[in-house]
Amino acid sequence: MKLKSVFQNHKTGPIPVWMMRQAGRHLPEYREIRKKNPSFMSLCYNPEIACEITLQPVRRYGFDAAILFSDILVIPDALGQKVNFVEGKGIEINPVTSGSALARLDTHRILSHLQPVFETISRVRENLTSETALIGFCGAPWTVAVYMTGSHAVPHHMPIRSWSYNAPEDFSVLISLLVEASITYLDAQVKAGADVLQIFESWGNLLPQKEFERWCMEPIRKIISALKESHPDVPVIIFSRGIGYSFVKLASYCLPDGLSLDSSFPLDFARKHLQPHVVLQGNLDPVLLAVGGPFLDKAVDTLLDELGEGAFIFNLGHGILPQTPPEHVAHVVKKIRERSH
Ligand code: CP3
């Protein structure tokens, strides 16, 4: 398995490629399924359809990894907080913003509620060749909490920011609960057949350093160390964006096997200071992938020149944009295959 061998050997070889949000709205075959299924969450809980959606980009592009089709918000949903994706409006969630509201969350339902997701994983694994890795995932506790508190849609993300400053002890109950839920969830994903795990910390950029350490780094460290005890051979990648040099601390404190860099991260620094210690993944600008043309080719070349000699997985700096023409994706995959085999 090309993608796993990058972690095992930590050296050069053919560069594996996959893309965040590869399963989703940029694919006509996904949009076709989505038209017939108005509820996004019910797609996540339908193993037959979720398996098909997971396989779509692998079939079309020959990626080296499939990523489970699901969402980071199945965790709040499993905890009993109703989550809805509303066309044209985005995410709707009944927010939790105080210690007393936490009593409404039921941590005992994680495994039973998410059974269909594990079933999807087993089905996908059965349908992939041994060459293709299956990536399981969850949101990091802070990022999931941003949505649980309804802060994603509020200026300055005030609900979560003010709760965590005003009542850190109460807020830490929510974070601890999410640490436990994430460990249970990821452990079950591995048992169902996930080969690699990725933790998405999409909102770590909101925090000053001390708060980043407390609400992002510490919880992620706990999740990774628990998983390493039961599954030492399953690589864990952390995705984070907009955190700059905090990536260095994140890597040395949380000990992930891989770091997924956002598009703004300087490649020369990454090569010199991160790549000797950890597998790097990233970080093509998803906007450039949507735009295409000669600058796209140039950026792919630069990325391969800078990071392609070390332990590297080609990916984007964030998810594929829905308006991305599939031909641009196919073109980039072809280019990488030509340069690295
Ligand atoms: O292909 C894949 O990457 C696998 C599936 C996946 C989805 N979401 C499917 C999805 C993964 C790994 C995610 C992660 C996710 N979800 C993150 C972390 C990564 C990141 O993008 O920062 C976050 C923050 C979410 C929360 C979320 N889910 C958002 C912000 C949205 C968009 C809301 C909107 O409608 O604008 C979603 C919806 C979502 N998740 C879609 C897909 C394919 C689109 C839903 C649709 O079909 O309408």
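First things first, this report covers the structure right here in the doc. Here the residue index of a chain counts from 1 through its sequence in written order. Owing to the predicted nature of the model, reporting of local features is limited to residues with pLDDT of at least 70; listing and counting of side-chain atom pairs is limited to 80 or more, with chain, interface and lining totals taken over all residues. The side-chain figures draw on all heavy atoms in the structure; neither hydrogens nor water molecules are used.

Okay, the overall build of the protein next. Only runs of H or I of at least four residues qualify as helices and only runs of E of at least two qualify as strands under DSSP, and these elements are numbered from the N terminus. Of the regular secondary structure elements, the protein holds 16 helices and nine strands. The globule rule is 2.2 Å times the number of residues to the power 0.38, and the radius of gyration it is compared with is taken over C-alpha atoms. Computed over C-alpha atoms, the radius of gyration of the protein comes to 19 Å, within 12% of the 20 Å expected from 2.2 N^0.38 for 341 residues, which places it in the range of a compact globule. Across its three principal axes, the protein shows a C-alpha extent of roughly 55 × 45 × 40 Å. Three exposure classes are used, based on accessible area relative to the maximum for each residue type with a 1.4 Å probe and protein chains only: buried under 20%, partly exposed in between, and exposed over 50%. Across the 341 residues that make up the protein, the buried fraction comes to 57%. When contacts within the protein are restricted to residue pairs at least 6 apart in sequence, long-range pairs at least 24 apart make up 73% of them. For the area figures, the Shrake-Rupley method with a 1.4 Å probe applies, and any residue is considered shielded solely by the protein chains shown. Working note: accessible area of the protein is about 14,200 Å², and carbon and sulfur atoms make up 53% of it. Here the positive residues are Lys and Arg and the negative ones are Asp and Glu; neither His nor the chain ends is included. The atoms used to mark charge sites are NZ of Lys, CZ of Arg, CG of Asp and CD of Glu. Counting 33 positive and 35 negative side-chain charges, the protein places the averaged centre of each group 2 Å from the other. Note on contacts: a residue pair is in contact if any heavy atoms of the two residues lie within 4.5 Å.

This part covers unusual backbone geometry. The omega torsion of the bond from G282 to N283 falls at -25°, within 30 degrees of zero and hence cis. Its identity as a non-glycine residue notwithstanding, L255 has a phi of 50°, on the positive side. With respect to the helices and strands, L255 occurs in the loop between α12 (246-254) and β7 (258-260). Residue classification places L255 among the exposed residues on the basis of a relative accessible area of 57%.

Bringing the sheet that holds strand β9 (residues 312-316) into the picture now. Paired through backbone hydrogen bonds, the strands of a sheet run either parallel or antiparallel to each other. Two strands qualify as a pair provided that DSSP identifies no fewer than 2 bridges between them. Strand order in the open sheet made by the seven strands is β1-β4-β5-β6-β7-β8-β9, with parallel pairing throughout. Where the open sheet ends on each side, the last strands, each with one partner, are β1 (65-67) and β9. With strand direction ignored, the average angle separating the axes of adjacent strands in the sheet is 25°. Taken together, the three bridges between strand β6 (residues 236-240) and β7 define a ladder with parallel strand orientation. Its bridge partner lying in β7, F239 is registered against S260. Of the strands in this sheet, β5 (196-201) and β6 are in contact with helix α11 (residues 209-230), which crosses β5 at around 170°. Interaxial angle, 0 to 180 degrees, is taken between N-to-C directions of lines fitted to C-alpha atoms, where a helix line uses only the stretch in contact.

Let us look at the pairing of strand β3 (residues 90-93). Where strand β2 (residues 83-86) and β3 come together, four bridges link them in antiparallel fashion. Across the sheet, V86 pairs through a bridge with G90, a residue of β3. In textbook terms, the turn of a hairpin is the stretch between consecutive antiparallel strands, and for β2 and β3 this stretch comprises three residues, one of which, G88, has a positive phi near 80°.

Further remarks concern the packing of helix α13 (residues 267-274) against helix α15 (residues 294-307). Where α13 meets α15, the axes come as close as 9 Å, and the angle between the chain directions of the two elements is 20°. Considering their axes alone, α13 and α15 lie roughly parallel with respect to each other. Every pair of crossing elements has a handedness; the one defined by α13 and α15 is right-handed. Each of L267, D268, A270 and R271 in α13 lies in contact with α15, whose residues at this interface are T302, L303, E306 and L307. Residue type decides the class: Asp, Glu, Lys and Arg count as charged, Ala, Val, Leu, Ile, Met, Phe, Trp, Tyr, Cys and Pro as nonpolar, and the leftover types, Gly among them, as polar. Taken together, the residues that form the contact of α13 with α15 break down as four nonpolar, one polar and three charged. Geometric relationships in this document are graded by angle, where less than 35 degrees denotes roughly parallel, more than 145 denotes roughly antiparallel, 65 to 115 denotes roughly perpendicular, and other angles denote oblique. Crossing chirality is assigned from the near helix's rotation relative to the far helix, an anticlockwise turn below a right angle marking it left-handed and a clockwise turn marking it right-handed.

Once that is clear, we can look at the packing of aromatic side chains. The pairing test for Phe, Tyr and Trp rings, Trp by its six-membered ring, is centres within 6.5 Å, and the orientation test on the planes gives stacked under 30 degrees, edge-to-face over 60, and tilted for anything in between. Under the criterion given, the structure shown has 14 aromatic pairs. On the basis of an interplanar angle of 55° and a centroid distance of 6.0 Å, the ring pair of F118 and Y185 is categorised as tilted. A residue pair is termed long-range when its members are at least 10 positions apart, and F118 in helix α7 (residues 115-127) and Y185 in helix α10 (residues 168-192) qualify at 67 residues. Assigned by exposure class, F118 and Y185 land together as buried. Clustering of aromatic rings is evident, with ring pairs tying together Y30, F40, F69 and F85. By definition, being over a ring means that NZ of Lys or CZ of Arg is both within 6 Å of the ring centre and within 35 degrees of the ring normal. Here the basic side chain of R241 rests over the ring of W203, its NZ or CZ set 4.9 Å away from the ring centre.

It is worth spelling out helix α16 (residues 326-339) at this point. Helix span, as expected, comes to 1.5 Å for every residue beyond the first. For α16, which comprises 14 residues, the first-to-last C-alpha distance of 20 Å matches the rise-based estimate of 20 Å (1.5 Å per residue) to within 8%. For α16, the secondary structure elements touched by its buried residues are α2 (28-36), α4 (47-61), α14 (286-291), α15 and β9.

Before going further, it helps to examine the nonpolar core. Core analysis: the biggest nonpolar cluster contains 128 residues, and L114, W142, L259 and F314 have the highest contact counts within it. If one sorts the elements of this core by residue count, α10 sits on top with 13 residues. Not counting chain neighbours up to four residues away, the residues in contact with L259 comprise I237, I238, F247, L250, A251, L274, V278, V279, L280 and Q281. To qualify as a nonpolar core, a set must consist of buried Ala, Val, Leu, Ile, Met, Phe, Trp, Tyr and Cys residues joined through side-chain atoms within 4.5 Å.

Fair warning: the whole summary comes from geometry, so function is off the table for now.
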